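An overview of the molecular structure
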Amino acid sequence: MTTVTTTSTEALETNLSRLSLSASSPSPSYPPLPRWKAPPQTQHEVEWADILTVDLSLYDTDKPKLIETVQTALQRDGFFYVIGHGIDIEKLNRQFAIGEVAFDRVPREEKEAHRAQIKEKGSFMGYKLQNYWEIKDGVRDRIEHYNFYNNSIDPVTRHPTALRPFVPEVKDFLHTMRNTVLRRVLNLIDGVLGLDEGYLWNLHQDAQGVMGDDVFRYMIYDPLTGQESKKTNGVMLNGHTDFNSISTLISQPITALQVLMPDDVWRYVKHKDGAFVINIGDQLSFMSGGVLKGTMHRVVSPPEDQRALRRLGVFHFAQFRNHLPLDLLPSEKVHKEGHIIFEGEVPTTNGWEQTRVKSYGTSNFIKGEEYDIEVIAGLQVRHYH
Ligand SMILES: O=C(O)CCC(=O)C(=O)O
Ligand SMILES: [Fe+2]
């Protein structure tokens, strides 16, 4: 009898440990969640963007080489991959699994109650629901996103009920993204611009611990119908530059993100398992006097074999601290090779962000064949379609 009991307990434990191996929970303190099933990669050959890779595992041993790569990447393409960052792939996959909770386990009414005040406050905090933006000729977007803001993650009760158990994990993950990825990438950019190491990081987090209001986003694209796709020329998210300092996305297999490369051709970003895709946004580009490129990118319908799939994304949009003027950085290189961006009043970091969030996809810009133009602070901002 005793033996039987022992055996069945062992069997139970074995089963449990098997279960916990197949459930995705990288830390015992995080609640279990079904493992995210990554969609299959495309078998189609498309034109890939030839973007460079920065291996952060060399950060302590070969920084000069990494600085050189970042320099070429940011002066030429505005995009690069980051590998060797040390964040376990299970942790990355958990973020996709949590993203699914945000879209599939929160009822519509609760999403409405957490709708972001985009027009009112220039903020994406909460949900941007489908159909908010116009892509082209009356076709509206099929994108939903849920956004956490770094300085307003607490209390957990501000988030939809189904997401609450995962908020501590989101916080930990964002903290890791800031301290292990963003910080090292900014230090490398300091190297490119000849700034003291830590200069750019300090603009994102000062000695008193005041932090930029980074946006951490889950984003899901539903496929466009054939009719819609025809009207938008396959475009699902119009060509834009990001509004912030540095954007990081976790690479995922659905082939749809395109970058406008230096020869003016849109090319696809190829998926790299466990890698980040990093680009700089308007604000860092402006502060660099245009030496570092805030590059145009867009999202189009995937190749045939992925076209019917939903596309889930996880993004970290880092922000400078609030209220900083978008002046040129104190770098000799910037002052020599760059140019003055704003002739009149210089916008602030959060001022620029809010203006762009408010008008993106909803305002009547000056229409053009290839792109529409919006004027902000005397500057022409392009919106490609
Ligand atoms: O979905 C993507 O891959 C890109 C999204 C994007 O560019 C953005 O949200 O700014
Ligand atoms: Fe973007």
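Everything that follows concerns the structure shown earlier in this document.
These numbers come from a predicted model, not from an experiment.

Pairing in this open sheet of eight strands is mixed, and the strands run β1-β2-β12-β9-β14-β7-β6-β3 from one edge to the other. This sheet does not close on itself; its edge strands, each paired only once, are β1 (52–55) and β3 (126–128). Averaged over all neighbouring strand pairs, the angle between strand axes comes to 25°, with direction disregarded. Lying on the sheet, helix α3 (residues 89–104) is in contact with β3, β6 (143–149), β7 (215–221), β9 (246–250), β12 (276–280) and β14 (311–318); it crosses β7 at an angle near 70°.

Approximately 590 Å³ is the volume found for the largest pocket. Along its surface, the largest pocket is lined by 22 residues, and T241, S285, G294, T295 and M296 are the ones closest to its centre. Those elements that provide at least two residues to the lining of the largest pocket are α9 (282–287), α11 (349–359) and β16 (379–384). Examining the composition of the lining of the largest pocket, we find that five residues originate from one element, β16, more than from any other. Residue composition of the lining of the largest pocket, grouped by class: 10 nonpolar, seven polar and five charged. E134, I135, N238, K367 and D372 are, among the 17 residues lining the second largest pocket, the residues nearest its centre. No other element matches strand β4 (residues 134–136), which puts three residues into the lining of the second largest pocket. Its residues placed into classes, the lining of the second largest pocket shows three nonpolar, eight polar and six charged.

In the case of a regular strand, side chains alternate between the two sheet surfaces. Counting buried residues along β7, seven of its seven residues qualify, which places the element largely inside the surrounding structure. Here β7 shows no split at all, with V215, R217, M219 and Y221 on one side and F216, Y218 and I220 on the other all buried. Note that β6 and β7 share seven bridges and pair antiparallel. By the bridge assignment for β7, F148 is matched with F216. Where β7 and β14 come together, seven bridges link them in antiparallel fashion. Bridge pairing in β14 links Y221 to R311.

Time to look at the environment of Y149. Turning to its location among the elements, Y149 is positioned in strand β6. Separated by 66 residues in sequence, Y149 and V215 have C-alpha atoms that sit 4.8 Å apart. Apart from residues no more than four positions distant in its own chain, Y149 is found in contact with S123, F124, M125, D213, D214 and V215.

The next subject is the site of ligand 1. Around ligand 1 lies a shell formed by R217, M219, Y221, L237, H240, D242, L257, H297, V299, R311, F315 and F317. R217 is positioned such that a nitrogen or oxygen atom in its side chain is 3.2 Å from an oxygen atom of ligand 1. A distance of 3.1 Å separates an oxygen atom of ligand 1 from a polar atom in the side chain of D242. About the coverage of ligand 1: the protein hides 94% of its 290 Å² of free accessible area. More than half of the atoms of ligand 1 fall within 2 Å of the grid points belonging to the largest cavity. Of the residues assigned to the shell around ligand 1, the class counts are seven nonpolar, two polar and three charged.

Moving on: the pattern of salt bridges. What the rule picks out here adds up to 19 salt bridges. One salt bridge connects R267 with E47, and the closest N-O pair in it is separated by 2.7 Å. Taken together, the residues span a long stretch of sequence, with R267 in strand β11 (residues 266–268) and E47 in the loop between α1 (2–22) and β1 at a distance of 220 residues. Since its relative accessible area comes to 15%, R267 is described here as buried. Residue D104 pairs with R310 through a salt bridge whose shortest N-O separation is 3.3 Å. Placement of the pair is D104 in helix α3 and R310 in the loop between β13 (297–300) and β14, with a sequence separation of 206 residues. A cluster of three or more residues bridged by salt bridges with shared partners is formed by E47, D263 and R267.

What counts as what
- Residues numbered from 1 in each chain as written.
- Chains lettered and ligands numbered in written order.
- Predicted model: local features only at pLDDT ≥ 70, side-chain atom pairs only at ≥ 80, totals over all residues.
- Heavy atoms only, no water.
- Pairing = 2+ DSSP bridges.
- Helix = DSSP H or I, 4+ residues; strand = E, 2+ residues; numbered from the N terminus.
- Axes fitted to C-alpha atoms, helices over the stretch in contact; angles between N-to-C directions.
- Contact = heavy atoms within 4.5 Å.
- 1 Å grid on protein atoms, 1.4 Å probe; cavity = no way out; pocket = protein on both sides within 12 Å on 5 of 7 lines; lining within 4 Å.
- Points joined across faces, edges and corners; volume = space filled by probe spheres on them.
- Nonpolar A, V, L, I, M, F, W, Y, C, P; charged D, E, K, R; others polar.
- Buried < 20%, exposed > 50% of the residue type's maximum accessible area, 1.4 Å probe, protein only.
- Near = heavy atom within 4 Å.
- Polar contact = N/O pair within 3.5 Å; in protein donor to acceptor, adjacent residues only side chain to side chain.
- Areas by Shrake-Rupley, 256 points an atom, 1.4 Å probe, with all protein chains shown as cover.
- Sits in = over half its atoms within 2 Å of the grid points.
- Salt bridge = Lys/Arg side-chain N within 4 Å of Asp/Glu carboxyl O.

This is a description of form; function is not addressed.
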